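# Chain and residue survey
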Amino acid sequence: EAEHTTLQRNQTSGLKVSGGLTNGKEADLTKADVVYVTSNEDVISIEEGKLIAHQAGAAEVFVQVTLNGLTVESNILRIEVTTSIDSIKQLIEGYEDTKNIDLPLSSQLKNSLNQASHQLKIGDKQQAIKKMNDFLKHLNNEAMSKFISAEEKQVLNEDANALIKIWEQHRQ
């Protein structure tokens, strides 16, 4: 059982593993061997019973529990990793703190995000998508590449494109 089945990048969620015996009583899993499995480590990894969200997408997770020589698999949970304007802003602010992004690029990116947010608030998803495409143009402008590290640029590209895709799928 997962605390949350929808997460944003870098968010974590606990997993609770429990099981029942054939006599109906709950199994004591303190001596069990528990193996956590994810279908896509680029989206979700599992460390010490915690889900860790990475890039936007979906993954299935389950556990294999071995107790007294018997191995069983849990139900499969589908975990979705999404993104939002706010989560992208938080990424940029974190990159500013670690000096992995600098002015003037960071202010251009945040301005594009603010404009996209405004367009969403007034109900114009098409214009919000246009503002996110402006965000991508600023991000990928060769003259601005000296103001951002390659890894952070890739993460912001992934999240911006994922957000555009989400909005395009729900454009009605």
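To be clear, the structure that these remarks concern was listed above.
A brief structural summary. (Residues numbered from 1 in each chain as written. Predicted model: local features only at pLDDT ≥ 70, side-chain atom pairs only at ≥ 80, totals over all residues. Heavy atoms only, no water.)

### Quick notes on the sheet that holds strand 5 (residues 50–53)
This is how the line gets drawn: Strand pairing is defined by DSSP finding a minimum of two bridges between the two strands. Strands here are runs of E lasting at least two residues and helices are runs of H or I lasting at least four, both read from the DSSP assignment and numbered beginning at the N terminus. The convention used is that axes are lines fitted to C-alpha atoms, helices contributing only their stretch in contact, and that angles between N-to-C directions extend from 0 to 180 degrees.
Pairing in this open sheet of three strands is antiparallel, and the strands run 2-5-4 from one edge to the other. A single partner strand is all that each edge strand has here, and the edge strands are strand 2 (12–14) and strand 4 (44–47). The sheet shows a mean angle of 25° between the axes of neighbouring strands, taken without regard to direction. The pairing of strand 2 with strand 5 spans three bridges and is antiparallel. Note on strand 5: the bridge partner recorded for glycine 14 is lysine 50.

### Let's talk about the packing of helix 1 (residues 85–97) against helix 4 (residues 150–169)
What counts, and what does not: Working rule for angles: under 35 degrees goes down as roughly parallel, over 145 as roughly antiparallel, 65 to 115 as roughly perpendicular, anything else as oblique. Here, residues are in contact when the closest pair of their heavy atoms is within 4.5 Å. Residue polarity is assigned by list, with Asp, Glu, Lys and Arg as charged and Ala, Val, Leu, Ile, Met, Phe, Trp, Tyr, Cys and Pro as nonpolar; anything else, Gly included, falls into the polar class.
In the contact formed by helix 1 and helix 4, the axes pass within 10 Å of each other and the chain directions differ by 170°. When the axis of helix 1 is compared with that of helix 4, the two are roughly antiparallel. Facing Ile85, Ile88, Leu91, Ile92 and Tyr95 of helix 1, the residues of helix 4 in contact are Glu152, Val155, Leu156, Asp159, Ala160, Leu163 and Trp167. Its residues placed into classes, the contact of helix 1 with helix 4 shows ten nonpolar, no polar and two charged.

### Examining the nonpolar core
Defined as follows: Throughout this description, the term nonpolar core refers to a set of buried Ala, Val, Leu, Ile, Met, Phe, Trp, Tyr and Cys residues connected via side-chain atoms within 4.5 Å. The buried label applies to any residue whose accessible area, calculated with a 1.4 Å probe on protein chains only, is under 20% of its type's maximum; exposed applies above 50%, and partly exposed to all values in between.
Counting 24 residues, the largest nonpolar core has Met132, Phe135 and Leu156 as the members making the most contacts within it. At the level of secondary structure, the elements contributing two or more residues to this core comprise helix 1, helix 2 (105–121), helix 3 (125–139) and helix 4. If we skip the residues at most four places from it in the chain, methionine 132 touches Ile88, Leu113, Ala116, Ala160, Leu163, Ile164 and Trp167. The next biggest cluster of nonpolar side chains, apart from the first, holds eleven residues, and it includes Leu15, Leu51, Val61 and Ile79.

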